[in-house]
Amino acid sequence: MTSATTERPTDAVAGGDAWEGFEPGPWQESIDLRDFILRNYTPYEGDASFLAGPTEKTLKVWDHLEKNYLSEERRRRVYDVDTKPPADIDAFPAGYICPEDDVIVGLQTDVPLKRAMMPNGGWRMVETAIKEAGKEPDPEIKKVFTRYRKTHNDGVFDIYTPRIRAARSSHIITGLPDAYGRGRIIGDYRRLALYGADFLIAEKMAAKDAVADQPFSEHWARYREEHSEQIKALKKLVTLGEIYGLDLKRPAANAQEAVQWTYMAYLASVKSQDGAAMSLGRLSAFLDVYFERDLKAGKITESDAQEIIDALVIKLRIVRFLRTIDYDQIFSGDPYWATWSDGGMTEDGRSQVTKTSFRLLQTLRNLGPAPEPNITVFWDPKLPEGYKEFCSAISIETSSIQYESDEQIRGRWGDDAAIACCVSPMRVGKQMQFFGARVNAGKALLYAINGGRDEISGKQVTEEGEFTPVQGDGPLDFDDVWEKYEHMLDWVVGTYVEALNIIHYSHDKYAYESIEMALHDSEIVRTMGCGIAGLSIVADSLSAIKHATVTPVRDETGLIVDYITEGEFPRYGNDDDRADDIAATIVHTVMQKIKEIPMYRDAIPTQSVLTITSNVVYGKATGSFPSGHQKGTPFSPGANPENGADSHGMVASMLSVGKLDYNDALDGISLTNTITPQGLGRTKDEQVKNLVGILDAGFVMDDDCTLTN
Amino acid sequence: MGESIDLRLGTPIENRRTGAGIEGMAEAELERSQRLAAIREGRLASIHSWELVTAVDGPGTRLTVFFSGCPLRCVYCHNPDTMEMRRGQDVQLEELVRRIKRYRRVFSSSGGGITLSGGEVLMQPAFARNVLQAAKEMGVHTAIDTSGYLGAVADDAFLDNVDLVLLDVKSGTEESYKALTGRPLQPTLDFGNRLAARGTTVWIRFVVVPGWTDSEENVEAIAENIAPWKQVVERVEVLPFHNMGQDKWDALGMEYKLRDAQPPSKETVERVREQFRARGFMTY
């Protein structure tokens, strides 16, 4: 379906004074943030010396927040829950942290840290979370969401197949977004600032009616219905603005408004959706255009600029969702992944680093370290030295920065891409992901060996006779196990993707992200973000079977529950091709199997090797392995080597991970490293330089120097 | 690479021990006579392990290669499994050179290079010479980490390919040196003098072992010894003894004299550092 060109509203277009001084271009004719940024932003090549500390107001608000709310929340786990109105963009009256909270305004509810219900994902989770927070759900609301209004969770379970239920209850597939918001969608929140809501509404109306004369099809109907939902959401966003005394119908006219408008668009999202990851996108260069204009005009000082960014970051640090204790366990706390992507180069080779990139990092000094927003730097050795060193210094001081290879992301997704959650890249406003959690590739290996019997419960999970377990008591044979593993992966991946298709079909139907999608183009790319857990365990186990002698140990029922591994074997994570190639082959094989399956809404299948937080949960539900990994113990995160297996240093493990083919894992690969600042050098200066060196080295390798023995 | 790197700083890492092995390097299998010829010509060496480390064995991120075999028997050795050459694994020159080549980008972007350590690298000088030369030909920064006891085998041509010497001086007097290592001190002093005369950059290393090396007099003696090398000594690294090698001694069935010994106090370490600083050395 094509969305025809739109007729622009006559007055709103003209950003009027709001666009004064901006370099004109195609961005004025239709929504094109990238074009606006590339024409208007000012790269900054200098160092951090221009930055300003926190203002008195910033400190006062932050201090008030800490004393009255954050400390209290740490004590209670959940500060408060509003059990009355289900959340929505315009469901709550205005709220403020304190009287001085007037730089960037807006809270999710009317009180800081008070959480709202979002029952569209499923009532049971909401009810559990309310009770765990020490409150009782409102009976009327409960009646609505259990009798009158079907939820995403209800929809999914109406469709789930028996094999999905079996795989789910035996934990080979866990953490699926079938009872909570899927997230991983980044609205292009900048659009509200640049164009104003009137323009955005007009564009969506035009896109909706551009197909009005086409004949009925389900696809067509969904397109029109979703557009109506988006338009309603934008109108609610305007109402939200009015609640806070802001005229969001028009474009932002200055730096403070640009930040405020962008935040309002984001706030509307986190008021109406509690996705597992609610990422922000790529804001710095965009906002910097406004800061530069105001600074040049003498309207603001550097201190004002920093105060505005600090105020925004304070707001981002107090976004909260109503989660269950179980959920917190899977995700190790209640992160919401307000990932703010920064740095990187443009396609024509300019650095996208601006002074606002520095201001964002400066918030970690002004307000102290915090996990949110999740600042993610797109690293390229060609980034300005001043910025690289500042990132490194802030990393050392706060441990609060994540790094991604810019070249990889830019090469595949362009230079206006951002990360959703922790590694998933997408073009902002042009692409969304169907979040797929991950499948337990480690447990799948044990299923292969046991012919689909669960190594913990002993239950036959796959159909009786469908798979042959390993025969005899002799040592495991690599070729035999690999063949069985491939065969088992067909079942596991097939079941997994079937579940994902059902989940996203249902999520679109019952918990559609109307405001986030209103801040996307009408025609977008969708990816299906599949993922695996347990990579290093499978790689090491297969390596053990290949290079050492692995003898299975059976219980009285014949179930293989442990292994005796004799002899040495190479382990993944030491820049040793013998083990690293096995890891790369596993990732490739899983991807091939995913690709064979048709995807809901023609999504492009992708894969991630990522688990930052759920390793404990995966480990708990999984038995012992030939690698020596013990039953019930945590997996190592993401693409990390097995805990303790990488004995040749962090850079060697980075190089091992680098051998996984990015084409097999377009949704990203994560490697978590823990180092002490002291481990980086004797002086701060030495530490900063060494960390820059590690990042430079880790993200760029010669293609011609693979080891071939 | 397509990965994100999530750097969580702040949790202490364990003090480093070697023992990682030679993963990724093919172990050579040769006939005995061929093997001896290869060792003589420096095409084969007995290697304990390798590691990519940052800010530990010289500047930047480095490939540290631990050679097997050491003429000293330091009572506090935290890698006693490197003492005997026979415990190492045979690695061919081309194998190691290939690995150095692979890491050139790591070295250039981090200001690092290679460090030949051990054991005692100078126990296998022909191999070390070839590795250092190959590294220099690739423009890679080179360091050797040595006690200096076998310094005499490193001739001028050898040292021409060494950018940095990490010189572990152990102790300050003949007596204490002998008690600690079983060998005389003088060769190390001779080596230091040569390095100073040649202008080869040196980082002095000194392990503070309570009751063995930590006395004020001993440290003064060391400071006295190294004072003439001032113009080539870029820094002095004072390293507190740790007891993490104990299980290795046990595993090897060797008697460990420092069983259950405690690391030096912060105050002692700081006092030692001050002693070197008082002589004008950049000390960490």
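Since the model is a prediction, treat every value here as computed from it, not as a measurement.

Asks: Explain the overall build of chain B here, please?
Replies: Counting its regular elements, chain B contains 10 helices and nine strands. In summary, chain B has a C-alpha radius of gyration of 19 Å against a globular reference of 19 Å for 284 residues, a match within 12%. Residues counted as buried form 49% of the 284 residues belonging to chain B. Within chain B, contacts between residues at least 6 apart in sequence are counted, and of these 77% link residues at least 24 apart.

Asks: What should I look at first to understand the domain arrangement of chain A in this one?
Replies: When the parts of a complex come together, some accessible area is lost, and that lost area is often taken as the interface size. All names here are of chain A. One can read the domain layout of chain A as domain 1 (16-149 + 275-422) and domain 2 (435-670). Computed from C-alpha atoms alone, the centre-to-centre distance between domain 1 and domain 2 is 33 Å. Contacts between the two partners involve 11 residues from domain 1, matched on the other side by 12 residues from domain 2. Taken together, the residues of the side of domain 1 that touches domain 2 break down into five nonpolar, five polar and one charged.

Asks: It is not clear to me how helix 4 (residues 125-137) of chain B should be interpreted in this structure. Could you clarify?
Replies: Residue pairs spaced three or four apart in an α-helix point in one direction, given the helix's 3.6 residues per turn. Residue and element names in this part refer to chain B. For helix 4, which comprises 13 residues, the first-to-last C-alpha distance of 18 Å matches the rise-based estimate of 18 Å (1.5 Å per residue) to within 8%. Residues of helix 4 that are buried: F127, A128, V131, L132, A134 and A135. Summarising the axial view, the buried residues of helix 4 lie within an arc of 165°, below the 170-degree limit, and thus occupy one face. Directly beyond the C-terminal end of helix 4, a positive phi value near 75° is found at G139.

Asks: Honestly, the environment of D406 of chain A in this entry has me stumped. Any pointers?
Replies: Residues and elements named next belong to chain A. Along the chain, D406 falls in helix 16 (residues 406-413). The class of D406 is buried, set by 24 C-beta atoms lying within 10 Å. The spatial distance from the C-alpha of D406 to the C-alpha of Y327 is 32 Å, given a sequence separation of 79 residues. Setting aside residues up to four positions removed in sequence, D406 forms contacts with G343, G344, M345, F378, W379 and D380.

Asks: Teacher, can you tell me more about the UniProt feature "domain: Radical SAM core" (unreviewed entry) in chain B here?
Replies: Mapped onto the present numbering, the UniProt feature "domain: Radical SAM core" (unreviewed entry) falls at residues 56-279 of chain B. Span residues 56-279 of chain B is 38% helix and 20% strand, its end C-alpha atoms 24 Å apart.

Asks: I tried to follow the confidence of the model for chain B on my own but got confused; where do I start?
Replies: Residues and elements named next belong to chain B. Residues at a pLDDT of 70 or more form 93% of chain B, whose mean pLDDT is 90. Scored below 50 in pLDDT, residues 6-19 makes 43 contacts in the model with residues more than four places away or belonging to other chains. Scored by ipTM, the complex comes to 0.84, with pTM at 0.91.

About the criteria used
- Residues numbered from 1 in each chain as written.
- Chains lettered and ligands numbered in written order.
- Predicted model: local features only at pLDDT ≥ 70, side-chain atom pairs only at ≥ 80, totals over all residues.
- Helix = DSSP H or I, 4+ residues; strand = E, 2+ residues; numbered from the N terminus.
- Rg over C-alpha atoms; globule rule 2.2 N^0.38 Å.
- Buried ≥ 20, exposed ≤ 12 C-beta atoms within 10 Å, placed from the backbone.
- Contact = placed C-beta atoms within 7 Å.
- Domains from an automatic or database assignment.
- Nonpolar A, V, L, I, M, F, W, Y, C, P; charged D, E, K, R; others polar.
- Expected span 1.5 Å × (residues − 1).
- Arc of directions from axis to C-beta.
- UniProt positions renumbered as here; feature names shortened; annotations may be inferred.
- pLDDT = per-residue confidence, 0-100.

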